[in-house]
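What follows is each chain in one-letter form.
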Amino acid sequence: MKRNLPLVFAFVVGLVVFLSEFIPHNPFGQITETLENWFMIVSSFAILLGQISLVRANVTRVAERSHNWQYYLAGLVSFTLMVAVGLLWGMEQTPGIFGQGEKIAAFISAKPFDYIFEFSYIPLASTMFALLAFYIASAAYRAFIIRNFESNLLMITAVIVILGRTSFATALTGWVPASLKLLHLPELTDFIMQYPNTAAQRAIMISAALGVIGSSLRIILGIERSYLGGGK
Amino acid sequence: MKSLALVILALLICLSLAATTATQEWFKVEDAPWDDGSAVILSWQLSSRRDSLRLQKADSTGVYIDLLNEFSASGSFKESDLVHGTKYRYRLLAYSKDRSDSLALVATAVPAQQWFYMGKLSQLIILLLICAAILFYIISARRGKELFIRRISGLDSMEEAVGRATEKGKPILFIPGISDLGDIQTIAALNILNHLAFRAAEYDTALIVPCRYSMVLSAARETVKEAYLRAGRPDAYREERVFYVTDDQFGFVAGVDGIMVREQPAANFFLGAFWAESLILTETGFGTGAIQTAGTGQPHQIPFFVVSCDYTLIGEELYAASAYLSRDPQQLGSLKGHDFGKLLIIILVLVGVVMEMTQQGWFRQFLIGGY
């Protein structure tokens, strides 16, 4: 029963959602939206589960003085600080236990929560994102090392696209007569991006869509049960 | 003489009728067919004397608000986001070129829900064909028919990765994507996690699963726990190794990068939905020297994975992974159904090319949802 009930739910809900995709009339038309709302509600309650997990994992490591316990302590302190200032003075227009915190806001030009968010969190998140530029460079360096025919082709294409996206490209191939317009680097870049690149991406998307159909069907029919734990 | 007079009279009547028809002006509003009752179609025809028009809709207080202020002698306009069963009133105002004459036509409509999206007929047919093929191969596999499934090296590497982690005495890191449980890619990742956790339990290797969402955390814990139970090693299951990090995208990346640098896992698995963080994660993993397997249904992230990982599951392979790893004939049968889907798509593409070259527009119209 414990195993069969989720399978029955998966079957019924899967079938209803499938039908609602093709039947716009009530009640089918509203079912998907209703289920999405339910998901949001369940998800909201589950946030608490995540917070408990976070606190427990960090407290345990700090208490056990496990390796690098200082990082877990920093995580705990940050978490507690944000929760505390959010509860006490609120955020943006929402008041906290102590109201809007006008005095503090006048002193630091924003509510404590918003201040920490804007001047600590956003720079940190931007820093993480900025790392991408360096990682792209290192990954591209490895990808463009010429080892065989494919990597040679990849490098030539990459050079064309990189150059084609700069203003330098026009100066470089501007002398090519208009009758050979396709050989202009910007034109060649657009061609590569529009046709071979789009074709390859669509092939992946179609293949993924087929995978989604197969996977969904296996779940709806109860053949695929791994996500419930256990194999068959 | 009399017959000539009759002919002339008939000709005159015809000409006058034709002239009347040419100058006939009309405006109508109809419910958009085969939809969810959220749209109406406004159409009109004006005489050549007109040179401007305004299309207006009455709001709840009866005040008319402009919808369209662009002239065309005849045309149509689809208004969406309406509520089915509600009466809507529209007005068309048209003016003559010399402003000596104007016209105001009013029409009403009540959008209604239909029982079928006719625009999705082609989708339904294709979907039913693919589902029928999958079911056919599942039934064939149940009856014991041998099915050939091509090798997926990214999945065959799982044993190698677990073995390597065991030899080095280091943990395995598994990221089930950064999407929530509502994403089928996350479900596919959890299915693979089940098999990986089973192997990890057998080899007694630590498995670390950081999660971005609480719902995924809950499902991942259940999946790993069940796998350890199935492997007969419930004592080896450590709940704290499947944990929540943060909902924030780059906060999660920072957390996972920290784990990779500190714990130095011997094998990293990045399976599920990934966006801008994909390369940050895999390059950090590459830097630690871990054997890396990645897979996603996001076409834009695949090049990043190909460059920085040892094995990459592309598109469909992510969804096929669980069936492939389970070696369950029924699930393998469903993979054979995917091949039929690919064949069907190839045929449709080829037929589409021929149809477009021969200017048979109905085929494209049918596929994109026109009827």
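This text follows the structure it describes.
Just so it is clear, the structure is predicted and the values come from calculations on it, not from any experiment.

Asks: Would you take a moment to explain the overall build of chain A for this structure?
Replies: A tally of regular secondary structure across chain A gives eight helices and zero strands. Each helix (α) and strand (β) of chain A, taken in turn from the N terminus, gives the series α-α-α-α-α-α-α-α. Taking 2.2 N^0.38 as the reference for a compact globule, 232 residues should give roughly 17 Å; the C-alpha atoms of chain A span a radius of gyration of 28 Å, well beyond that estimate. Oriented by its inertia axes, the alpha-carbon framework of chain A measures out at about 70 × 60 × 45 Å. Burial statistics for chain A: of 232 residues in total, 16% are counted as buried. If you take every contact in chain A between residues at least 6 apart in sequence, the share linking residues at least 24 apart comes to 29%.

Asks: Is there a simple way to think about the environment of Ser215(A) in this case?
Replies: Inspection of the secondary structure assignment puts Ser215(A) in helix H8 (residues 185-220). In sequence terms Ser215(A) and Thr94(A) are 121 residues apart; their C-alpha atoms lie 43 Å from each other. Ignoring sequence-local partners within four residues, the contact set of Ser215(A) consists of Glu224(A), Ile184(B), Ala188(B) and Tyr319(B).

Asks: Honestly, the packing of helix H2 (residues 28-63) of chain A against helix H5 (residues 214-230) of chain B in this entry has me stumped. Any pointers?
Replies: Helix-helix packing is characterised by the crossing angle of the two axes and by the distance between the axes. Orientation of H2(A) relative to H5(B), taken along the N-to-C sense of each, is 70 degrees, at an axis distance of 7 Å. Of the possible angle classes, the one that applies to H2(A) and H5(B) is roughly perpendicular. Along the contact surface, H2(A) presents Ser43(A), Ala46(A), Ile47(A), Leu49(A), Gly50(A) and Ser53(A), while H5(B) presents Ser214(B), Met215(B), Leu217(B) and Ser218(B). Grouping the constituent residues of the contact of H2(A) with H5(B) by class yields five nonpolar, five polar and no charged.

Asks: Whenever I open this one, the packing of helix H1 (residues 4-20) of chain A against H2(A) confuses me. Can you help?
Replies: Residues and elements named next belong to chain A. At their nearest, the axes of H1 and H2 sit 8 Å apart, and the two run at 125 degrees to each other. Looking at the two axes, H1 sits oblique to H2. The handedness of the crossing between H1 and H2 comes out as left-handed. Here Val13, Val16, Val17, Leu19 and Ser20 of H1 come into contact with H2, specifically with Phe28, Gly29, Ile31, Thr32 and Leu35.

Asks: Explain the pairing of strand S3 (residues 50-58) of chain B to me, please; I cannot follow it from the model alone.
Replies: Across a regular strand the side chains alternate sides, sitting on one face of the sheet and then on the other. Residue and element names in this part refer to chain B. Pairing of S3 with strand S6 (residues 88-96) involves seven bridges; the strand directions are antiparallel. When the bridges of S6 are listed, Arg54 appears paired with Leu93. In the sheet, S3 pairs with strand S4 (residues 64-68) via four bridges, with the strands oriented antiparallel. Across the sheet, the residue bridging to Ala58 is Tyr64, located in S4.

Asks: What's the story with the interface of chain B and chain A in this structure? I'm lost.
Replies: One widely used convention gives an interface's size as the accessible area the parts lose upon coming together. Chain B puts 72 residues into the contact, and the matching count from chain A is 53 residues. Looking at the side of chain B that touches chain A, the element that brings in the most residues is H5(B), giving 11 residues. Residue composition of the side of chain B that touches chain A, grouped by class: 36 nonpolar, 22 polar and 14 charged.

Asks: Quick question: what am I supposed to make of the sheet that holds strand S1 (residues 26-31) of chain B here?
Replies: Within a sheet, adjacent strands bond to each other through the backbone by hydrogen bonds, running parallel or antiparallel. Residue and element names in this part refer to chain B. Spatially, the three strands line up as an open sheet ordered S1-S2-S5, and their pairing is antiparallel. If you trace the sheet from one side to the other, it starts and ends with S1 and strand S5 (74-79), each paired once. In this sheet, adjacent strand axes meet at a mean angle of 15 degrees when their direction is disregarded. Here six bridges tie strand S2 (residues 40-45) to S5, and the two strands are oriented antiparallel to one another.

Calculation criteria
- Residues numbered from 1 in each chain as written.
- Chains lettered and ligands numbered in written order.
- Predicted model: local features only at pLDDT ≥ 70, side-chain atom pairs only at ≥ 80, totals over all residues.
- Helix = DSSP H or I, 4+ residues; strand = E, 2+ residues; numbered from the N terminus.
- Rg over C-alpha atoms; globule rule 2.2 N^0.38 Å.
- Buried ≥ 20, exposed ≤ 12 C-beta atoms within 10 Å, placed from the backbone.
- Contact = placed C-beta atoms within 7 Å.
- Axes fitted to C-alpha atoms, helices over the stretch in contact; angles between N-to-C directions.
- Parallel < 35°, antiparallel > 145°, perpendicular 65-115°, else oblique.
- Nonpolar A, V, L, I, M, F, W, Y, C, P; charged D, E, K, R; others polar.
- Left-handed = near helix turned anticlockwise from the far one by under 90°.
- Pairing = 2+ DSSP bridges.

Treat this as a map of the structure, not an account of what it does.
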